[in-house]
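Okay, here's what each chain looks like letter by letter:
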Amino acid sequence: MKEKPLICSYYFPNWHVDARNETIHGKGWTEWRVTHYATPRFEGHKQPKHPLRGYEDEADPAVMERKIADAASHGIDAFIFDWYYFKDGSYRERCLQEGFLPARNCADLKFALMWANHDPIYSHPGSYRTPAPPLWGDIGKTTPETFLHCTDHCIRHYFNQPNYLRIDGKLYFSIFQPSRMIRDLGGEQTARLLFDDFRARVAAAGLGEVILDSNLYCWDRWQDEDLDDRIRRAGFDMTSLYNWGGQGGFPTMEYADWFEKNKTFAAEITKRLSVPFNPVVSTGWDVSPRTVQSDMFEKVGYPFDTVVVNNTPERFEQAFRHYLRFACSENSSARMVHLACWNEWTEGSYLEPCEEYGYARLEAVRRVVDELRTF
């Protein structure tokens, strides 16, 4: 019988004070200020969004204990942290090191890392121009030295944690922009050598093997016929998604229509790939809080983008049920179903309890997961 997939929620860690952010926005800044000062950009637009527990500090273990308890009690197996590491060190890491790991109930939830290897851009807020400039120069470029330092950091600080996520006994590690990393590292052959060396260092540390995942949409020419060959040559073991694509129309798109555009994608891409594909269920999309609120709101590029509306808990539950049933079927290779996202409030993508719906989205997750027992 096919093993049931893990339910893993992406976690966006920018709700604590970070020294890099303070150099841009001032002492004590967090992205909660962006959430708090969001305004309706068109008639009927629901902004700002309000977390049920207010603007909490995720680097506080007591705060993280509540998040862990909410996730674990509603059928979520793991948080996949968006994780940032540049040539001069880490970014947004206090959430994990000072909040999650010291939490008294940390063992109740697995965790893993998705290396967000992209240039941080100035989008807090983004002005009426595109593209937004990168912050801190070219530090987002992954050199071989950066790759070595980053993966050594993971081995020392995270992979040895007893609740680090494993699949088939192997440590799960994801890369957000695989094609960019391959280019940054000097091409496919060099990247493969570095990936293999990474696996060897993990084994030498007595930590076993690694499952290397990649974000499908961040492969160059991901629709080309040779995609599967490129994934395998680079040494990736599976592929996933961070969010649905295909937001159409402006200023709004119905969540039901967004779901319909993505409904068959998992089945179609699974047939094309010889490595497992893990689908994602998106909770919503509204990046308008990351725009300058006094600018005009037109579709000129991120963060001036389509707003997905009517993403009710009931519609999310329908989408989650569809994808989980597919992932449990013999037609699927999935080992995980991703939920996007636990807490990306300024992208309109969150499961975390809010004033509008309370715990309704999390209760939807639990209902659908409980249905697995009847399969």
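The structure displayed is predicted, hence computed values, not measured ones.

**Student:** Sorry if this is basic, but what is going on with the overall build of the chain here?
**Tutor:** Along its length, the chain carries twelve helices and 15 strands. A compact globule built from 375 residues would reach a C-alpha radius of gyration of about 21 Å, and the chain, at 20 Å, matches this within 12%. The burial tally for the chain puts 56% of its 375 residues in the buried class. Contacts in the chain between residues far apart in sequence, at least 24 positions, make up 78% of those at least 6 positions apart. Roughly 15100 Å² of accessible area belongs to the chain as shown, and the carbon and sulfur atoms make up 50% of that amount. Here the chain contributes 44 positively and 54 negatively charged side chains, and the mean placements of these two sets differ by 1 Å.

**Student:** I tried to follow the pattern of salt bridges on my own but got confused; where do I start?
**Tutor:** For side chains of opposite charge, pairing can occur when their charged atoms come near one another. Going through the model one piece at a time under the given rule, you end up with 32 salt bridges. For glutamate 65, the salt bridge goes to arginine 104, with nearest N and O atoms at 2.9 Å. On the criterion of sequence distance, the pair formed by glutamate 65 in helix α3 (residues 61-72) and arginine 104 in the loop between α4 (94-100) and β4 (110-115) is long-range, its members being 39 residues apart. Given a relative accessible area of 14%, glutamate 65 falls into the buried group. When its relative accessible area of 76% is taken as the criterion, arginine 104 is described as exposed. In this structure, the salt-bridge partner of aspartate 168 is arginine 335, at a minimum N-O distance of 2.7 Å. A residue pair is termed long-range when its members are at least 10 positions apart, and aspartate 168 in the loop between β5 (166-167) and β6 (170-175) and arginine 335 in the loop between α11 (313-328) and β13 (336-340) qualify at 167 residues. Its relative accessible area of 53% is what places aspartate 168 among the exposed residues.

**Student:** Would you mind going over unusual backbone geometry with me for this structure?
**Tutor:** For residues that are not glycine, phi is negative in most cases, and the peptide bond is trans in most cases. With an omega of 5°, the peptide bond running from phenylalanine 250 to proline 251 counts as cis. Secondary-structure assignment places proline 251 in the loop between β8 (238-240) and β9 (252-254). For the bond running from alanine 340 to cysteine 341, omega is 10°, close enough to zero to count as cis. In the Ramachandran plot, arginine 221 falls in the positive-phi region, its phi being about 50° despite a non-glycine side chain. Take arginine 221: its relative accessible area is 48%, and that puts it in the partly exposed class. Positive phi, close to 60°, is recorded for asparagine 310, a residue that is not glycine. As for its placement among the helices and strands, asparagine 310 is situated in the loop between β12 (307-309) and α11.

**Student:** I tried to follow the packing of helix α7 (residues 188-204) against helix α8 (residues 227-234) on my own but got confused; where do I start?
**Tutor:** Axis angle and axis distance: for two packed helices, these are the angle between their axes and the distance between the axes, and together they describe the pair. Running from amino to carboxyl end, α7 crosses α8 at an angle of 45°, the nearest separation of the two axes being 8 Å. Between α7 and α8, the angle falls in the class oblique. On the side of α7, the interface is formed by Glu188, Arg192 and Phe195, while α8 contributes Arg230, Arg232, Arg233 and Ala234. Across the contact of α7 with α8, the residue classes tally to two nonpolar, no polar and five charged.

Criteria and thresholds
- All residue numbers refer to position in the chain's written sequence, counted from 1.
- Confidence filtering applies because this is a predicted model: local features only for residues at pLDDT of at least 70, side-chain atom pairs given and counted only at 80 or more, and all residues used for totals across whole chains, interfaces and linings.
- Excluding hydrogens and water, the side-chain figures rest on all heavy atoms present in the structure.
- Segments assigned H or I by DSSP are reported as helices when at least four residues long, segments assigned E as strands when at least two residues long, and all are numbered from the N terminus.
- We compute the radius of gyration from the C-alpha atoms alone; for a globule the expected value is 2.2 Å times N to the 0.38, where N is the number of residues.
- Relative accessible area decides the class of each residue, using a 1.4 Å probe on protein chains only: under 20% of the type maximum gives buried, over 50% gives exposed, and in between gives partly exposed.
- Any pair of residues with heavy atoms lying within 4.5 Å of one another is described as a contacting pair.
- Residue burial considers only the protein chains on display, and all accessible areas are found by Shrake-Rupley using a 1.4 Å probe.
- Positive: Lys, Arg. Negative: Asp, Glu. His and the chain ends are not part of the count.
- To locate a charge, the coordinates of NZ of Lys, CZ of Arg, CG of Asp or CD of Glu are taken.
- Salt bridge criterion: a side-chain nitrogen from Lys or Arg within 4 Å of a carboxyl oxygen from Asp or Glu.
- Throughout, an axis means a line fitted to C-alpha atoms (over the contacting stretch in the case of helices), and angles, computed between N-to-C directions, take values from 0 to 180 degrees.
- Roughly parallel refers to an angle under 35 degrees, roughly antiparallel to one over 145, roughly perpendicular to one between 65 and 115, and oblique to any angle outside these ranges.
- By the convention adopted, Pro, Cys, Tyr, Trp, Phe, Met, Ile, Leu, Val and Ala count as nonpolar, Lys, Arg, Asp and Glu as charged, and the other residues, Gly among them, as polar.

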